[in-house]
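Descriptive analysis of the structure
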Amino acid sequence: MNNPGILKLWDLFPSPPWVIELLVEAANLEPGSSCLEPSAGFGTLATSLQKAGALVEVIEPIPELQTILSLQGLLLIGSDFLTTPNLSNRYERVVQNPPFSQQISHVKRAYQCLKVGGRLVSLVSHSPWRYNTSFYQHFRYWLNAVNAQVQDLPWGLFVNSDRYTCVECCLITIDKI
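The sections below set out a description of the structure shown in this document. (Residues numbered from 1 in each chain as written. Predicted model: local features only at pLDDT ≥ 70, side-chain atom pairs only at ≥ 80, totals over all residues. Heavy atoms only, no water.)

1. Observations concerning the overall build of the chain
Secondary structure assignment for the chain yields 7 helices and 7 strands. Element order for the chain, N to C, with α for helix and β for strand: α-α-β-α-β-α-β-β-α-β-α-α-β-β. Here the chain holds 177 residues, and 51% of them are scored as buried. Considering only residue pairs separated by 6 or more positions, the chain has 63% of its internal contacts joining residues 24 or more positions apart. Carbon and sulfur atoms make up 52% of the accessible area of the chain, which totals about 8,900 Å². (Helix = DSSP H or I, 4+ residues; strand = E, 2+ residues; numbered from the N terminus. Buried < 20%, exposed > 50% of the residue type's maximum accessible area, 1.4 Å probe, protein only. Contact = heavy atoms within 4.5 Å. Areas by Shrake-Rupley, 256 points an atom, 1.4 Å probe, with all protein chains shown as cover.)

See the structure below:
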């Protein structure tokens, strides 16, 4: 069960089951695929990736959640995705629901972690398409340059989840060529 105290202290919105199913399906995993979940939270997405046959490594900044992940038998390799070394060109899949406050940095870093032929699947808020700042313009340009597929998702993904938010979301899928 998710700890409400942790949810309030951190930019943490655990993926509900229907979002996990969507992310795992979009990952198009093959048995034995090397996979990173860089903001693993309570481990629900990571364990679903394992059940689908992936060899999963996780990163998580919250110490209490690191303990939970380790107790679940997940391989914790770092506490800060943006600064963990030696991740470039390492994974066949990166699947994530990043903190919305760092989503662009996480998406770009996740892309760097992919091997050629790898796939990035990321949930993101709709903010980069809602606002026309130069920051978001550059991100949209970058997505176009890497041939990202961006899918609008139905409203209400997190309405009945452990932590409510009405943020509109998209699914980004990038195959690294």
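Having seen the structure, we can now continue with the description.
2. Examining the sheet that holds strand β3 (residues 75-78)
Spatially, the 7 strands line up as an open sheet ordered β3-β2-β1-β4-β5-β7-β6, and their pairing is mixed. The sheet is open, and its two borders are formed by β3 and β6 (149-152), each paired with just one other strand. Going across the sheet, the axis of each strand differs from the next one's by a mean of 20°, ignoring polarity. Where strand β2 (residues 55-59) and β3 come together, 3 bridges link them in parallel fashion. The residue of β3 that forms the bridge with glutamate 57 is leucine 75. Packing of helix α5 (residues 103-113) onto the sheet brings it into contact with β1 (34-37), β4 (91-96), β5 (114-125) and β7 (169-175), and relative to β5 it is tilted by some 165°. (Pairing = 2+ DSSP bridges. Axes fitted to C-alpha atoms, helices over the stretch in contact; angles between N-to-C directions.)

3. A short note on the packing of α5 against helix α7 (residues 134-145)
The interhelical angle for the contact between α5 and α7, taken along N-to-C directions, is 25°, at an axis separation of 11 Å. With respect to each other, α5 and α7 are oriented roughly parallel. Relative to α7, the crossing made by α5 is left-handed. Here α5 contributes Ile104, Val107, Lys108 and Tyr111 to the contact with α7, which in turn contributes Phe135, Tyr136, Phe139 and Trp142. For the contact of α5 with α7, the per-class residue count stands at 7 nonpolar, no polar and 1 charged. (Parallel < 35°, antiparallel > 145°, perpendicular 65-115°, else oblique. Left-handed = near helix turned anticlockwise from the far one by under 90°. Nonpolar A, V, L, I, M, F, W, Y, C, P; charged D, E, K, R; others polar.)

4. Notes on the environment of arginine 109
Positionally, arginine 109 belongs in helix α5. Separated by 26 residues in sequence, arginine 109 and threonine 83 have C-alpha atoms that sit 9.5 Å apart. In contact with arginine 109, other than residues within four places in its own chain, are Phe81, Leu82, Thr83, Thr84, Pro85 and Leu87. From its side chain, arginine 109 meets the backbone oxygen of phenylalanine 81 in a polar contact 3.0 Å long. (Polar contact = N/O pair within 3.5 Å; in protein donor to acceptor, adjacent residues only side chain to side chain.)

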